[in-house]
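If you want the building blocks of each chain, they are given just below.
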Amino acid sequence: MSKHKPPAARPTSSQRRLLKELTALATAHEPDLRLTGRPRTDADGLVTIPLSVRTDTMPHAPGGLQLKQSEDFLLILPATPMAPPQVRTTHLRFAGTPHVLQGDRLCLYLDPTREWDPAAGITPVINRLWQWLTDAAAGTFDPATALYHPVGGVLHHTPGTPTVVVREPVSHRPATAWLTPRTTDRLDLTNVPTESHSHRTPILPVDTLPLGAGSTLAELLTLAHPDMAPDPTAADTAPPALLTALAASALRNPEGTAQHFVLAVRHPATPAAPPFLLAGRLSPQATDTLRRLARRATPSRLGTMPDDLAHAPLAWCYLSDERPEVTTRRDTLRPIRALQDAHIHIWGCGGIGSWAAEMASRSGAAHLTLSDPGRVTGGLLVRQNYTEEHIGMTKATALASRLRSIRDDIRIDIATPPPNPALLAAADEADLIIDATVSITVGRFLDLLAQRPHRKAVLAQLATDSLTASLGILTLAAPGTPTPLSAIDHTAGGHVLDDPDLEAYHALWDEPVPGDELRPTRGCSTPTFHGSAADLMATTATLVNLVATQMRHPISGTHLCAQPHTGTVPAHRFIPYSC
C-alpha cells in the first residue's frame, strides 16, 4: 500500500483554454453570465464549472418553459476538444421539456459531429445555451420533432440486441402482438403470429417517461408506476399492468426464452398522435423466475419480488419504427415519387432493365411485371445487379428474387416476352411500360400498343450507346397520342443527325461498326455492349428520373443525356415530338 495520494486530476490544455475564454466572457457580460464557483476536475478528466444565466429579460409565451430570474447550470468540459461541452441543471424542473435529456441535461447539439466546431471556442456554446433558454421560454420547440422527447431524450439501446421492426399500426390501448425472428439481427413485430415460433409480446401504453425507462426491471416499474414502492405492508395491492402483462406473456411463451415487451409512450403535447415505441426484454433466466412466481401470484410490490428479478437488467432493442404515420419517405420530393403505387411493366432485365426495376421497386411502385427469358451468367455481374446466387436463373426470376429481398410488400409478376398477344392488354392496365430490350421486334409490338384506343400506359424505350453505356436515350409516347414510338424515334434521329451540336449523340442512331460491340466469350457468342455497372446504373438513373418527371406531365418526345465523365455537351436535350 502506498502512503502517497494519487495526484489530483488537472485540466487538459483544451479545457484550460475554454476556461480562460469562459472567464473572459463572464467578465464582459456580467450580470447576464456569472461564474458561481470554481472549476472542479473529476477522476474521469471532466471539468465542471457552475454558472448562472440571467433569464428575466427573456420573453415568455403561454406553454413556454417557466424560468426564474436567473438559472443555474453546470457546464461540463470533456477532456478532449473533439467532444462538445455539456450543460446540466442542478434540478429536475425542466424534465419533460423538449430537448431535455433524462431530466437534467440540455440537448444543445442535435448532431455534434456536424454542429460542434472544436476550434470555435466557448462562445458558441454559451450562445447555444442562451438560444435554448430563449426558445424554451418562448415555447418555440416543436414537440413532434423534439429528439426522443417522451422517453427522457436518449436512445434506449443495448449493444448486441436485435433490431425490432414495426410497420403495422400500434394500439393506444394494452394489446398483444407477436415477435418473429427474421434474421439473427432482426425481429418483426406484427399484430398476428406469422410463424409457429412467433412469441407473444405485450404492448403497454405508459405515460411520458421524462427520466428515461431505466436499466433494470425495478427502475422501469418505478419510473412507469411511481406508486410501486417497495412497501412490504402493501403486498396485496394489485400489480401494475406492465408486470401483469409481462407475466401473462411469459407463461404463454416457451420456458427458457426471453420475454420481450413494447412500451407505447404517449407524447404529452400530442397525446392523440401515434405513440413513441420502446422495445425491451428480460433475460431468459429472469423470465423463468417471473414464470415461477406467476404460477402462484404476480408480485404487486418491488419488495415482494426476489432481488434477482427486481434488479434483472433490461436489454433495450434498437427499434426501426417504420409505421407510415410516423415515417417520412426520403424521396418524397424527388421525381421518382411519380412511380409510387404504380403498375410498371419492364421488358428486358439486362443492363438497363435490371437497374430500372430496382429503382422502381425502391421508389414504392406497387406492382412490377418483368419479362426476360435470358439467363444470368457470371460475366453479367460486371454490369447488372445480379449476384452469385442468381447465376443459372432466368433474369426475370432472378430479378424478382432480388426485388422481393428489397421490399416485402411489392407484387411482382413474370410475363412471357413480347410480342406475346397476352401482353396486348398491358397498355390498358399498367401505368408505365418500359422497353429495355433493344429489340426491333419488341419495338414493333410497342407501336401496336401505342395505337390502342383506350391506352392508359405511358410507353418508354430506354437504351444506351453500345460503346460506353454512358450516353442515354429515352423515347416516350404519352397516353392519348397514337403515334408509334418508332416514328417518334425516327423524327428525333433526323433532327439529331442534322444538328452538328449534337454530334456526340449520332452514335445512338448509327449502326455499330466492327469493334463497337463486344463478344464476351469465345466462339459464336451474341454481341453485347461495353460499359460498367457504374456507367449503366448512372445512365439508367438519369433515364428513370426523366421518365418519372414526364409521368406527371407526359409529352411525347425524345430525351438525350450523357454522363459527366464523357465531357459531352449538351449533357441533356429534349426533342419534343410534333405531328
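Residues numbered from 1 in each chain as written. Predicted model: local features only at pLDDT ≥ 70, side-chain atom pairs only at ≥ 80, totals over all residues. Heavy atoms only, no water.

### Details of the packing of helix α8 (residues 353-363) against helix α13 (residues 533-552)
Phase 1: Look at α8 against α13: their axes get within 9 Å of each other, and the N-to-C directions meet at 55°. By the angle between their directions, the pair α8 and α13 is classed as oblique. Note that α8 runs across α13; the crossing there is right-handed. Every residue of α13 that contacts α8 at W355, A356 and M359 is listed here: A533, L536, M537, T540, A541 and V544.
Phase 2: When its residues are assigned to classes, the contact of α8 with α13 shows eight nonpolar, one polar and no charged. (Axes fitted to C-alpha atoms, helices over the stretch in contact; angles between N-to-C directions. Helix = DSSP H or I, 4+ residues; strand = E, 2+ residues; numbered from the N terminus. Parallel < 35°, antiparallel > 145°, perpendicular 65-115°, else oblique. Left-handed = near helix turned anticlockwise from the far one by under 90°. Contact = heavy atoms within 4.5 Å. Nonpolar A, V, L, I, M, F, W, Y, C, P; charged D, E, K, R; others polar.)

### Observations regarding the pattern of salt bridges
Phase 1: Enumeration according to the criterion identifies 24 salt bridges in this entry.
Phase 2: A salt bridge links E358 to R362, with the shortest nitrogen-to-oxygen separation between them at 3.1 Å. Residue E358 and its partner R362 are both found in helix α8; the two are separated by four residues, about one turn of the helix.
Phase 3: Residue class for E358 comes out buried when judged on its relative accessible area of 8%.
Phase 4: In this structure, R402 and E358 form a salt bridge, with 2.7 Å as the shortest nitrogen-oxygen distance. With R402 in helix α9 (residues 395-406) and E358 in helix α8, this pair connects stretches of sequence that are 44 residues apart.
Phase 5: Each member of the salt-bridge network shares a partner with another, and the members are R167, R182, R186, D188, E322 and D408. (Salt bridge = Lys/Arg side-chain N within 4 Å of Asp/Glu carboxyl O. Buried < 20%, exposed > 50% of the residue type's maximum accessible area, 1.4 Å probe, protein only.)

### Considering the packing of helix α4 (residues 217-224) against helix α5 (residues 241-252)
Phase 1: Where α4 contacts α5, the two axes come as close as 10 Å, and the packing angle between them is 135°. Taken as axis vectors, α4 and α5 run oblique relative to one another. In this structure, α4 contributes L217, L220 and L221 to the contact, and α5 contributes L242, L243 and L246.
Phase 2: Here the residues of the contact of α4 with α5 sort into six nonpolar, no polar and no charged.

### Regarding the sheet that holds strand β17 (residues 367-371)
Phase 1: Reading across from one edge, β18-β17-β16-β19-β20-β21-β22-β23 is the order of the eight strands in this open sheet, with mixed pairing throughout. With partners counted over all chains shown, the strands left at the sheet margins are β18 (411-414) and β23 (572-576), one partner each. Sheet twist, expressed as the mean angle between neighbouring strand axes with direction ignored, is 15°.
Phase 2: The pairing of strand β19 (residues 432-435) with strand β20 (residues 458-464) spans four bridges and is classified as parallel. Bridge pairing in β20 links I434 to A460. (Pairing = 2+ DSSP bridges.)

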